[in-house]
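One-letter residues, chain by chain:
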Amino acid sequence: MRLVYRNIRANLDRASLFFELIFPLFFIFVQGFGLNGIVPPFDVGNGRVISYSLFLAAGAVTLTVINGGTNAGTQLWFDRKNGMFEQLLMGPFTRAQYILSIIFATLIIGVAGSLLVFGFAFPVLGASFAPTWEGALLIAGALFLGTMFFGAFAIALSVVLKSSETFQIVSTFAFFIFLFTSSVFFPASAAPSAIQAASLANPLTYTTDIFRAGLFNAVTSTVSLELGVLAIEAVAMFVIAVFAFRRIRV
Amino acid sequence: MVREQVVRVDELSRHFGDKVAVDRVSFDIARSEVFGFLGPNGAGKTTTIKMLTTLLPPTSGRATVLGHDLKTEGRKIRAQIGVVQQQDSFDQGLNVETSMDIYGLIWNVPKAERRRRIDELIGHFEMEEFRKMPTVDLSAGQRRRLQVAREFIHDMDLLFLDEPTVGLDPIVRRSVLDYLKERVRQGLTIFFTTHILEEAEYLCNRIAVINQGRIVQIDTPENLKRRFGSAKAVEFKLLQGTSSEMASALSSSPSVSRFGRDEGSGAYRVTTSRPESVIPEIYRLADRLSLTVSSIYISETTLEDAFINLVTEDEKAVANGGRSV
């Protein structure tokens, strides 16, 4: 936990965090309201019909999961660039503890970011928000697993790529792909068939769907399956990140 | 009295593919000793430190650090050592004081003790004026000072210093060296690398010279100078200033290995292994050319001379297919 605290204090830029918060709010309050007038309300499952602004608001909250992932890669890059990576590994920690500290810091940032965005978006969401224990658990599970996947993905990417500049470009592009082949902006069922197929492999789709199901009490029989797929993807990516991390030359 | 051995290294090697970075090095370090590790760039100093601090696994050989096996007890070793790396290491989002505080926190130093040590170290290392400055805004020397000071926030038995004084001005450098000496008197053991040989001479009890991955010689600074620093410098000035005849005659003398003149002081400098024959020769020449020697003295051999001789001889031995040790 000492390392987690250190990662959050030392490696996170307040300005970046601010803009990561602004980014989803922009979608909620600008795009959501803008398109609300031309997109009719629709069923998100279990007979729950909601407006497009509500649909997008829930999706935008899960964007913080991706932002958290970027932070994980950035933390590792800063430590490598500033010599702290080696310094910490020559201290009283193992490599496993170091990588776990980044993942935990990412989880804290991801979940805290989601809660903040959720708090800001509450005036929009509040009308249809139907809190249940089951829903709260689903929301927590989706945010936890989603952040874990994208954190591990960014760590693996930052190990493979040779410079922090390349990391920023490639991760932005990769997250752009994840974003537009997910159900953040529109239901996957409404997308072209190629995007539908891609969305089935996309963990952000499952993160968003599970989050919405929990938030709007729209739990269907497929949610547990989606949770299972997301958990497998998150664990698999974590294992890949650990293997990639072991390859870092000091 | 036999002193406790803090580090025991036996035939330790590290290969990177076909390249042998460290080749079967062996040495011991006793408690409260400052052990210097000198060598040209790329000689294997940093790789040796990385192995002894468990950052890099050795390809072969054995070592114990503070009684713990290097290969199987890395975590126990790391809990008792400190490291100041050759490269910069700093937390870019923090100021100097917070950076030291968080470093102490990750070493599990209690908060009150951290506060006390931070104040003490900031005083010792003269960092008060940039105490609240973000680490990214520090000059290279200030950042180096922070890096060295920060390491003393936690307790340790053995400290690895990889060129710790690079970028420091002479006054700060001397105060850092004196602080290290004080800590050694209190029981700390230091493994020290530097390219500034005066500071190695000032600080180290023993010195290992490493070249191309192998240890060429280990001895005290005095013994290294005595055994390998054969060349001495004879410096003299002429009342008349310069003399091309004198310069020409001394340059071609078989007793002189190097000859030159310091434009600043106007003194001639003769490097020789036989000052006892060069000095009478200078006076004979002056007499013959009707010149007056206004001052003359022999400067002592330096550790730098010994180091250069050792490395040069080793390079020749490697080129000829054999080595000096």
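This text goes with the structure placed above it.
Each value, and the rule that gives it
Residues numbered from 1 in each chain as written. Chains lettered and ligands numbered in written order. Predicted model: local features only at pLDDT ≥ 70, side-chain atom pairs only at ≥ 80, totals over all residues. Heavy atoms only, no water. Helix = DSSP H or I, 4+ residues; strand = E, 2+ residues; numbered from the N terminus. Buried < 20%, exposed > 50% of the residue type's maximum accessible area, 1.4 Å probe, protein only. Contact = heavy atoms within 4.5 Å. Areas by Shrake-Rupley, 256 points an atom, 1.4 Å probe, with all protein chains shown as cover. Lys, Arg positive; Asp, Glu negative; His and termini not counted. Charge placed at Lys NZ, Arg CZ, Asp CG, Glu CD. Core = buried A, V, L, I, M, F, W, Y, C linked by side-chain atoms within 4.5 Å. Arc of directions from axis to C-beta. Buried area = accessible area lost by both parts, 1.4 Å probe. Salt bridge = Lys/Arg side-chain N within 4 Å of Asp/Glu carboxyl O. Polar contact = N/O pair within 3.5 Å; in protein donor to acceptor, adjacent residues only side chain to side chain. Nonpolar A, V, L, I, M, F, W, Y, C, P; charged D, E, K, R; others polar. Pairing = 2+ DSSP bridges. Axes fitted to C-alpha atoms, helices over the stretch in contact; angles between N-to-C directions. Phe/Tyr/Trp six-rings, centres within 6.5 Å; stacked < 30°, edge-to-face > 60°. Lys NZ or Arg CZ within 6 Å of the ring centre and 35° of its normal. Parallel < 35°, antiparallel > 145°, perpendicular 65-115°, else oblique. Left-handed = near helix turned anticlockwise from the far one by under 90°.

J.: I'd like a description of the overall build of chain A, backed by residues and values.
T.: When helices and strands are tallied, chain A shows ten helices and two strands. Reading the secondary structure of chain A in the N-to-C direction produces α-α-β-β-α-α-α-α-α-α-α-α. The C-alpha extent of chain A, read off along each of the three principal axes, is 55 × 35 × 35 Å. Classification of the 250 residues of chain A by burial places 56% in the buried group. Pairs at least 24 residues apart make up 79% of the contacts formed inside chain A by residues separated by at least 6 positions. Surface exposure of chain A reaches about 10,700 Å², of which carbon and sulfur atoms provide 73%. Of note, chain A has its 13 positive side-chain charges centred 13 Å away from the centre of its 10 negative side-chain charges.

J.: Give a description of the overall build of chain B that names residues and reports values.
T.: A count of helical and extended segments in chain B gives eleven helices and 14 strands. Taking all 325 residues of chain B together, the buried fraction comes to 53%. The long-range fraction of contacts in chain B, counting pairs at least 24 apart against all pairs at least 6 apart in sequence, stands at 68%. Carbon together with sulfur atoms contributes 48% to the accessible area of chain B, which is approximately 14,700 Å² in total. Averaging the locations of the 44 positively and 46 negatively charged side chains of chain B gives two centres separated by 3 Å.

J.: An account of the nonpolar core is needed here, citing residue identities and associated values.
T.: The biggest cluster of nonpolar side chains holds 151 residues, and the ones touching the most others in it are Phe27, Leu52, Met100, Phe152 and Leu180 of chain B. In terms of residue count, the dominant contributor to this core is helix H6 (residues 133-160) of chain A (15 residues). Not counting the four nearest positions on each side in its chain, Leu180 of chain B is found in contact with Phe152, Leu159, Leu161, Ile190, Phe192 and Leu203 of chain B. If you look at the next biggest cluster of nonpolar residues, it comprises 15 residues, including Phe236, Leu238, Leu250 and Val270 of chain B.

J.: Provide a residue-level description of helix H9 (residues 244-251) of chain B, including the pertinent values.
T.: Residues and elements named next belong to chain B. Considered for burial, the residues of H9 that qualify are Met246, Ala247 and Leu250. With its buried residues spanning 100° around the axis, H9 presents them on a single face. Buried residues in H9 make contact with strand S11 (232-238), strand S12 (256-261), strand S13 (268-272) and helix H10 (275-288).

J.: Before we move on, can you summarise the interface of chain B and chain A with the specific residues and values?
T.: Taken together, the 27 residues of chain B in the interface contact 23 residues of chain A. When chain B packs against chain A, close to 2,400 Å² is buried across both sides, 56% of that on carbon and sulfur atoms. At the boundary of chain B and chain A, one finds two salt bridges. Between Arg6 of chain A and Asp91 of chain B there is a salt bridge, with its nearest N and O atoms 2.4 Å apart. The interface formed by chain B and chain A contains 14 residue pairs in polar contact (both at pLDDT 80 or more). Of all the secondary structure elements, the ones that give two or more residues to the side of chain B that touches chain A are helix H2 (74-78), strand S6 (81-84), helix H3 (96-106) and helix H5 (140-151) of chain B. Sort the elements by how many residues they give to the side of chain B that touches chain A and H3 of chain B lands first, with five residues. The residue makeup of the side of chain B that touches chain A, split by class, is twelve nonpolar, eight polar and seven charged.

J.: Give me the lowdown on the pattern of salt bridges, citing residues and values where you can.
T.: Residues and elements named next belong to chain B. Tallying each qualifying case throughout the model produces 26 salt bridges over all chains. For Glu4, the salt bridge goes to Arg31, with nearest N and O atoms at 2.8 Å. Of the two residues, Glu4 sits in the segment before strand S1 (5-16) while Arg31 sits in the loop between strand S2 (19-30) and strand S3 (34-38), which places them 27 residues apart along the sequence. Members of the salt-bridge network, linked through shared partners, are Glu97, Asp101, Arg114, Arg115, Asp119, Glu128, Arg131 and Lys132.

J.: Account for the sheet that holds S6 of chain B, with residues named and values stated.
T.: All names here are of chain B. The mixed open sheet is built from six strands, whose spatial order is S6-S7-S8-S3-S9-S10. Each edge of the open sheet carries a strand with a single partner, namely S6 and strand S10 (214-219). Neighbour-to-neighbour, the strand axes of this sheet turn through a mean angle of 15°, independent of strand direction. Pairing of strand S9 (residues 206-211) with S10 involves five bridges; the strand directions are antiparallel. In the strand pairing of S10, Val209 is matched with Gln217. Each of S6 and strand S7 (158-162) is contacted by H5, which is oriented at about 180° to S6, the strand it contacts most.

J.: Describe the sheet that holds S1 of chain B, naming the residues involved and giving the relevant values.
T.: All names here are of chain B. Spatially, the four strands line up as an open sheet ordered S2-S1-S4-S5, and their pairing is antiparallel. Looking at which strands have only one partner, the edges of the open sheet turn out to be S2 and strand S5 (68-69). Relative to strand S4 (residues 60-65), S1 is paired through five bridges, and the arrangement is antiparallel. Looking at S4, one finds that Arg8 is bridged to Thr64.

J.: How would you summarise the pairing of S4 of chain B if you had to cite specific residues and measurements?
T.: Residues and elements named next belong to chain B. Burial of the side chains of S4 is restricted to one face: Gly61, Ala63 and Val65 are buried, whereas none of Ser60, Arg62 and Thr64 on the reverse face is. By the bridge criterion, two bridges tie S4 to S5 in an arrangement that is antiparallel. When the bridges of S5 are listed, Val65 appears paired with His68. Linking S4 to S5, which pair antiparallel, is a turn of two residues; within it Leu66 sits at a positive phi near 55°.

J.: Run through the packing of aromatic side chains, naming residues and quoting values.
T.: The relative placement of two aromatic rings is captured by the distance of their centres and the angle of their planes. Under the counting rule described, the total for this entry stands at 28 aromatic pairs over all chains. Taking 5.7 Å as the distance between ring centres and 20° as the angle between the ring planes, the aromatic pair formed by Tyr98 of chain A and Phe245 of chain A counts as stacked. You can see Tyr98 of chain A sitting in helix H5 (residues 95-125) and its partner Phe245 of chain A sitting in helix H10 (residues 222-246), a full 147 residues away along the chain. Just as Tyr98 of chain A is buried, Phe245 of chain A falls in that class too. On the basis of an interplanar angle of 40° and a centroid distance of 5.9 Å, the ring pair of Phe35 of chain B and Phe191 of chain B is categorised as tilted. Of the two residues, Phe35 of chain B sits in strand S3 while Phe191 of chain B sits in strand S8 (residues 189-193), which places them 156 residues apart along the sequence. Across this residue pair, the class does not change: Phe35 of chain B and Phe191 of chain B are buried. Ring pairing ties together the aromatic residues Phe26, Phe27, Phe176, Phe180 and Phe185 of chain A, which thus form one cluster. Above the ring of Trp77 of chain A, the side-chain terminus of Arg80 of chain A is found at 4.8 Å from the ring centroid. Its guanidinium or amino end placed over the ring of Tyr202 of chain B, Arg174 of chain B lies 4.1 Å from that ring's centre, counting from NZ or CZ.

J.: I'd love a proper account of the packing of H6 of chain A against helix H9 (residues 203-215) of chain A, names of residues and values included.
T.: Residues and elements named next belong to chain A. Packing of H6 against H9 leaves a shortest axis separation of 7 Å and a crossing angle of 165°. Classified by the interaxial angle, the pair formed by H6 and H9 is roughly antiparallel. Both H6 and H9 take part in a crossing whose hand is left-handed. Facing H6, whose interface residues are Gly135, Leu138, Ile139, Ala142, Leu143, Gly146, Phe149 and Phe150, H9 presents Pro203, Leu204, Thr207, Ile210, Phe211, Gly214 and Leu215. Within the contact of H6 with H9, the residues separate by chemical class into eleven nonpolar, four polar and no charged.

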